[in-house]
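Results of the structural survey
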Amino acid sequence: MSAKNWGLLLLLAMLWGSSFFFYKILVAVLPPVTVVLGRVGIAAIALNLWLLAGGTRLPLGDGRWKRFLLLGLINTAIPFVLIAWGETRITSGMASILNATTPIFMVVVAHFGTHDEKFSWGKIAGIGFGILGTMILVGPAAFSGASAVLGELAVIGASAAYGFGGVYSRRFKDITPLAAATGQITGGAVILLPLSLAVDQPWRLAIPGWDVWASLLAIALVNTALAYFVFFKLVANVSVTYVSLVTFLIPIIALFLGAFFLGEAVTWQALAGMVVIALGLVAIDGRLLKWRGRASI
């Protein structure tokens, strides 16, 4: 992980971290599947226009369109709908913290599904620290109440889908990050369109206000189109295990944004959780441990 890649990872965490906030606004007015269709549909249009502006088109030959549909299903449609639906029952902060379970699934899938991303003591220790840190951040009171259980399980299910989707994303290194992002989001939109028409019947919904449209545009253009371009740039440069570290950073960023913009208190529990998560990042990155090992020789 170079300084540039760490910068991209931090940018991705900021982009995806705010998407939980926008989801909370949108699902209060619109049904989850339609919210996700709006997010993905607008992003798909923007990404395809971006490709055309560069003089290229989405590469669909050699059966790649089938791979885009599968990627759109497991890395966009399923997790996006599960998170949006989950946030009808739990807070956006809780959803972002539960999303930090993604690296657990991704490391396991990568171990069995790839030849070059196997388990290591650093990865195992890093995942352990990450999970412990998120547990400290959440605290036992956050999981009380049976009504929230289904929402929590939905977000964990989304994390599992991200685990498979992140590893499958490795198969698109032969095309540009922009083309890969466009293919995934377009595939997700194609899957979500008939689902929204069948489940939500959006033509029956009341026309939302300007604040809802603004949130929809933000989550589509910034948190999706731009974010997945950054995601595929990272996938092209580093392992998917490193990319999954973004889910550990999202709750930390959300905590500081809440304190800065909303005046929310930063408790000792939150600070302790962030320290433990930082230890997990150090363990997975591995460079500090290697440096200490060389220094002791």
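Residues numbered from 1 in each chain as written. Predicted model: local features only at pLDDT ≥ 70, side-chain atom pairs only at ≥ 80, totals over all residues. Heavy atoms only, no water.

1. What to know about the packing of helix α2 (residues 32-53) against helix α3 (residues 64-86)
It is the contact of α2 with α3, at a shortest axis distance of 9 Å, that shows an interaxial angle of 130°. Of the possible angle classes, the one that applies to α2 and α3 is oblique. The handedness of the crossing between α2 and α3 comes out as right-handed. Between α2 and α3, the contacting residues are P32, V33, V36, R39 and V40 on the first element and T76, F80, V81, A84 and W85 on the second. When its residues are assigned to classes, the contact of α2 with α3 shows eight nonpolar, one polar and one charged. (Axes fitted to C-alpha atoms, helices over the stretch in contact; angles between N-to-C directions. Helix = DSSP H or I, 4+ residues; strand = E, 2+ residues; numbered from the N terminus. Parallel < 35°, antiparallel > 145°, perpendicular 65-115°, else oblique. Left-handed = near helix turned anticlockwise from the far one by under 90°. Contact = heavy atoms within 4.5 Å. Nonpolar A, V, L, I, M, F, W, Y, C, P; charged D, E, K, R; others polar.)

2. Let's talk about the nonpolar core
Counting residues in each nonpolar core, the largest one holds 79 residues, and the members touching the most others are L12, W16, Y23, V36, Y228 and F231. Among the elements that make up this core, the one with the highest residue count is helix α9 (residues 210-237) (13 residues). In this structure W16 touches R39, N223, A227, Y228, F231, V246 and I250, once residues within four positions along its chain are discounted. Counting five residues, the second-largest nonpolar core is a separate cluster that includes M106, V109, V167 and V240. (Core = buried A, V, L, I, M, F, W, Y, C linked by side-chain atoms within 4.5 Å. Buried < 20%, exposed > 50% of the residue type's maximum accessible area, 1.4 Å probe, protein only.)

3. Concerning the pattern of salt bridges
Taken as a whole and judged by the stated rule, the model has one salt bridge. One salt bridge in this structure joins R64 and D174, with 2.8 Å as the shortest N-O distance. Of this pair, R64 sits in helix α3 while D174 sits in the loop between α7 (149-168) and α8 (177-199), and the two are 110 residues apart along the sequence. A residue is classified by how much of its surface remains accessible, and D174, at 52% relative accessible area, is exposed. (Salt bridge = Lys/Arg side-chain N within 4 Å of Asp/Glu carboxyl O.)

4. Regarding the packing of α3 against α9
Axis separation between α3 and α9 bottoms out at 15 Å; the angle between their running directions is 135°. With respect to their mutual orientation, α3 and α9 come out oblique. For the pair α3 and α9, the crossing hand works out as right-handed. Contacts from L71, N75 and F80 of α3 reach α9 at T224, Y228, F231 and F232. Across the contact of α3 with α9, the residue classes break down as five nonpolar, two polar and no charged.

5. Let's talk about the side chain of D200
Structurally, the position occupied by D200 is in the loop between α8 and α9. Despite being buried, D200 has no salt bridge partner; R204 is the closest side chain of opposite charge, sitting 11 Å away. Polar side-chain contacts of D200 include one of 2.8 Å to the side chain of T34. When sequence neighbours within four positions are dropped, the list of residues in contact with D200 reads P31, V33, T34 and L195. (Lys, Arg positive; Asp, Glu negative; His and termini not counted. Polar contact = N/O pair within 3.5 Å; in protein donor to acceptor, adjacent residues only side chain to side chain.)

6. Here's the deal with α2
For α2, with 22 residues, the first-to-last C-alpha span of 32 Å sits near the 32 Å given by 1.5 Å per residue. Just beyond α2, the residue with positive phi is G55, at close to 85°. (Expected span 1.5 Å × (residues − 1).)

7. Remarks on the packing of aromatic side chains
Per the stated rule, a full pass over the model turns up nine aromatic pairs. Considering the side-chain rings of W16 and F231, the 5.8 Å spacing of their centres and the 45° angle between planes classify their relative orientation as tilted. Remark: F231 occurs in helix α9 and W16 occurs in helix α1 (residues 3-27); sequence separation between them is 215 residues. Both residues of the pair, W16 and F231, belong to the buried class. (Phe/Tyr/Trp six-rings, centres within 6.5 Å; stacked < 30°, edge-to-face > 60°.)

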